[in-house]
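Observations on chain architecture
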Amino acid sequence: MDISNAVVLVTGSNRGLGRALLDALKQAGAAKIYAAARNPDSIDVEGVTPIALDVTSPESIAAAARACPDVNVVINNAGIARGGVLLSDTGETTAREEMDTNFWGPWRMTQAFAPTLARNGGGALVNVLSVLSWISLPGTATYCVSKAAAWSLTNGLRNELRGQGTQVVGVHLGLMDTDMTAGFDAPKIAPKDVAEQIVRALQDGSEEVLADDTSRQVKGSLSSPQAAYLSAGSE
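This text gives an overview of the structure that appears in the document. (Residues numbered from 1 in each chain as written. Predicted model: local features only at pLDDT ≥ 70, side-chain atom pairs only at ≥ 80, totals over all residues. Heavy atoms only, no water.)

1. Comments concerning the pattern of salt bridges
- If you walk through the whole model with that rule in mind, you get 11 salt bridges.
- Measuring nitrogen to oxygen at the nearest pair gives 3.4 Å for the salt bridge that ties Asp70 to Lys32. Placement of Asp70 in the loop between α2 (58-67) and β4 (73-76) and of Lys32 in strand β2 (residues 32-37) is noted, with a sequence separation of 38 residues between them.
- Judged by relative accessible area, Asp70 falls into the partly exposed class, the value being 27%.
- Given the relative accessible area of 30%, Lys32 is considered partly exposed.
- Where salt bridges share partners, they join Arg19, Asp23 and Asp44 into one cluster. (Salt bridge = Lys/Arg side-chain N within 4 Å of Asp/Glu carboxyl O. Helix = DSSP H or I, 4+ residues; strand = E, 2+ residues; numbered from the N terminus. Buried < 20%, exposed > 50% of the residue type's maximum accessible area, 1.4 Å probe, protein only.)

This is how it looks when you write it as structure tokens:
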């Protein structure tokens, strides 16, 4: 993809990775950037077009699709993490909240914008996933379920959108230095580094981004007898 011809919509763009994506896309020379957030007044980046968007609302997504007919890249970045435990009294409620944003959100966005991408030459769809698409850790199991489902969704969408020439990119990473991981004392990748890797993937036609050592190591273990998902959280 020629980023200078790209009209990009980024969900969850008011902070963290979303905000870093706005900066990286501007730096790469994107033709136009729609910065989507539930509250567009929270967008403080110059040179972008703020747009109201709640990925849990089909009506909000439909309105965004009508307002952005020139989009040829959609980056599904919006996500939530509630820290749910599967067998707790609140596990199902937490899982439903996380699935609504992390799984149904990208699905709804793709349903709404796939025709737009097709009309504009195919373009690209990026889903921000996680190393937790492949492993489950204590205290975050409901979130892990949502990301595993989103990974499977991404693979299915890649098959279904290939015919219209849409590049589908799945982005996996471990801990990133954002508000979501503020309570974790461990090495974290900077949002800027992840954003720049996503832009490079769009430019070179990649279908997957393994943004850090953690994601590369976990994926590399999946076919081994000591696959990471068998022992994650056991210590």
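Structure shown, so let's carry the discussion forward.
2. Section: the nonpolar core
- If you look at the biggest cluster of nonpolar residues, it comprises 35 residues, and the most contacted ones within it are Ile75, Val194 and Ile198.
- At the level of secondary structure, the elements contributing two or more residues to this core comprise β1 (7-10), α1 (16-28), β2, β4, β5 (124-128), β6 (167-172) and α6 (191-204).
- Excluding residues that lie within four positions of it along the chain, Ile198 makes contacts with Leu17, Leu21, Ile75, Val126, Val128 and Val171.
- Among the nonpolar cores identified, the runner-up in size contains 25 residues, and Ala36, Ala65, Leu117 and Ala149 belong to it. (Core = buried A, V, L, I, M, F, W, Y, C linked by side-chain atoms within 4.5 Å. Contact = heavy atoms within 4.5 Å.)

3. Concerning the environment of Leu117
- Tracing the backbone shows Leu117 in helix α4 (residues 104-119).
- Taking the C-alpha atoms as reference, Leu117 lies 8.5 Å from Val74; in sequence the two are 43 residues apart.
- The residues contacting Leu117, other than those within four sequence positions of it, are Val71, Asn72, Val73, Val74, Gly122, Gly123, Ala124, Gln164 and Thr166.

4. As for the packing of aromatic side chains
- Across all of its chains, the model carries 4 aromatic pairs by this definition.
- Judged by centre distance (5.5 Å) and plane angle (85 degrees), the ring pair of Phe103 and Trp107 falls under edge-to-face.
- Judged by relative accessible area, which is 11%, Phe103 ranks as buried.
- Take Trp107: its relative accessible area is 30%, and that puts it in the partly exposed class. (Phe/Tyr/Trp six-rings, centres within 6.5 Å; stacked < 30°, edge-to-face > 60°.)

5. Here's the deal with the sheet that holds β6
- Reading across the sheet, the 7 strands line up as β3-β2-β1-β4-β5-β6-β7 and stay open at both edges, with parallel pairing between neighbours. Edge positions in the open sheet fall to β3 (49-52) and β7 (208-210), since each of these has one partner strand only. Averaged over all adjacent pairs, the angle separating strand axes in this sheet is 15 degrees, with direction ignored.
- Where β4 and β5 come together, 4 bridges link them in parallel fashion. Residue pairing across strands places Val73 opposite Ala124, the latter belonging to β5. (Pairing = 2+ DSSP bridges. Axes fitted to C-alpha atoms, helices over the stretch in contact; angles between N-to-C directions.)

6. Some points on α2
- Every buried residue belonging to α2 is among Ser60, Ile61, Ala64 and Ala65, and all of these are buried. Each buried residue of α2 lies within a common arc of 140 degrees when the element is viewed along its axis, so the set occupies one face. Seen from the buried face of α2, the exposed residues on the opposite side, beyond 90 degrees, are Glu59 and Arg66.
- Looking at the packing, one finds that the buried side of α2 touches β3 and α4. (Arc of directions from axis to C-beta.)

7. Some words on the side chain of Thr166
- Turning to its location among the elements, Thr166 is positioned in the loop between α5 (141-161) and β6.
- At 2.7 Å, the side chain of Thr166 and the backbone oxygen of Gly122 are in polar contact.
- When neighbours within four sequence positions are excluded, Thr166 is seen to be in contact with Leu117, Gly122, Gly123, Ala124, Leu125 and Leu161. (Polar contact = N/O pair within 3.5 Å; in protein donor to acceptor, adjacent residues only side chain to side chain.)

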